[in-house]
Amino acid sequence: MARNGVAAASAPMLEVDGLSRHFGALAALTDVSFQVSPGEIFSVIGPNGAGKSTLFNVITGLHAPTAGRVRFRGDDITGLAPEIINRRGVAKTFQITNIFPEISVFENVRVACQSRAAVAGRLASLWRRPDVDDGVVALLDAFGLTARRDELAENLSHGEQRYLEICLALATEPTLLLLDEPTAGMTPGETRDATALIRAIVRERGLTLLLIEHDMSVVMGISDRVAVLHFGKKIAEGPPEAVRTDPSVIDAYLGGADD
Ligand SMILES: Nc1ncnc2c1ncn2[C@@H]1O[C@H](COP(=O)(O)OP(=O)(O)OP(=O)(O)O)[C@@H](O)[C@H]1O
Ligand SMILES: [Mg+2]
């Protein structure tokens, strides 16, 4: 299964089982199922409007599903509140940026780290706690943002803001990280660097990654497996190369979709 030696027999980190979500008459997701193993990099791709962000929103508790279940480390988390799901170890970045523009890069990450420390029951004297600051420093360093730590977040370049977003998600110390188009708006060169960096950090921290991408080429180099959504349905799943050459996937990307 996974190329990084993840045992095929290990219990799934995430199980999505028969998930559907309707918005009125619109079926944004229809009967979508897949499983992600611990340590795996699993990507969900699909043209505009395929249901990718809706899938994330259902997994992370923002939207209740119309049907189906979501299990995280064997526990049914379907319909739990987003903050409960986050506390259990699931963190996501949003397609739209989620940073506080008018405070510094360092403070942005510290606020996120503090929320994790508070959840862990370390409420007393959080302010300027060395362990929180150490976590912030390590995250900024991993994403090459150390020199920008005192800059207001709004002054960062687009690419730096996307990195900061991932820092904020990682600050909550997730087991499962969900990234929704983390390279959106980046140049091809930035995209290559960003995907390599994301992969390295995920592997180094032993995380499981569920990655949403619009652009198929982005996921080819970093994914263990890829699933393809089209009009809310899963039309393919497998190793990147097999998915890329699947005729139904080629049709979805070339035929009719406003990609
Ligand atoms: N809150 C909502 N209310 C009504 N319709 C919605 C809502 N969220 C999503 N949709 C619709 O559901 C469908 C799937 O949208 P979704 O955002 O999940 O697609 P996507 O694959 O993430 O697309 P993109 O690549 O453009 O980000 C679209 O037709 C969208 O308009
Ligand atoms: Mg989306």
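First, a word on scope: everything that follows refers to the structure included in this document.

1. What to know about the sheet that holds strand β2 (residues 26–36)
Thought 1: Strand order in the open sheet made by the four strands is β2-β1-β4-β5, with antiparallel pairing throughout. Whereas interior strands pair on both sides, the edge strands pair on one side only; in this sheet they are β2 and β5 (75–76).

2. With respect to the pairing of strand β1 (residues 14–23)
Thought 1: Looking at chain direction, β1 and β2 are connected through seven bridges and run antiparallel. Its bridge partner being in β2, L19 is matched across the sheet by V32.
Thought 2: The loop that links β1 with its antiparallel partner β2 comprises two residues; one of these, G24, has a positive phi angle of about 60 degrees.
Thought 3: With five bridges joining them, β1 and strand β4 (residues 67–72) adopt antiparallel strand pairing. Note that in β4 the partner of L14 across the bridge is F72.

3. Things to note about the site of ligand 1
Thought 1: Taken together, 13 residues are adjacent to ligand 1, and F23, A28, K52, S53 and T54 come closest.
Thought 2: Within the residue set of the shell around ligand 1, elements represented by two or more residues are β2 and α1 (52–59).
Thought 3: Top element by residues in the shell around ligand 1 is α1. It accounts for three residues.
Thought 4: Broken down by class, the residue content of the shell around ligand 1 amounts to four nonpolar, eight polar and one charged.

4. Considering unusual backbone geometry
Thought 1: You will see that D31, though not glycine, has its phi angle at about 50 degrees, which is positive.
Thought 2: Within the element layout of this structure, D31 appears in strand β2.
Thought 3: Its 14 C-beta neighbours within 10 Å are what place D31 among the partly exposed residues.
Thought 4: Even without being glycine, R73 reaches a positive phi, approximately 50 degrees.
Thought 5: When you line up the elements, R73 lands in the loop between β4 and β5.
Thought 6: C-beta crowding within 10 Å serves as the criterion here: with 17 such atoms nearby, R73 is assigned to the partly exposed category.

What counts, and at which threshold
Residues numbered from 1 in each chain as written. Chains lettered and ligands numbered in written order. Predicted model: local features only at pLDDT ≥ 70, side-chain atom pairs only at ≥ 80, totals over all residues. Pairing = 2+ DSSP bridges. Helix = DSSP H or I, 4+ residues; strand = E, 2+ residues; numbered from the N terminus. Near = placed C-beta within 6 Å. Nonpolar A, V, L, I, M, F, W, Y, C, P; charged D, E, K, R; others polar. Buried ≥ 20, exposed ≤ 12 C-beta atoms within 10 Å, placed from the backbone.

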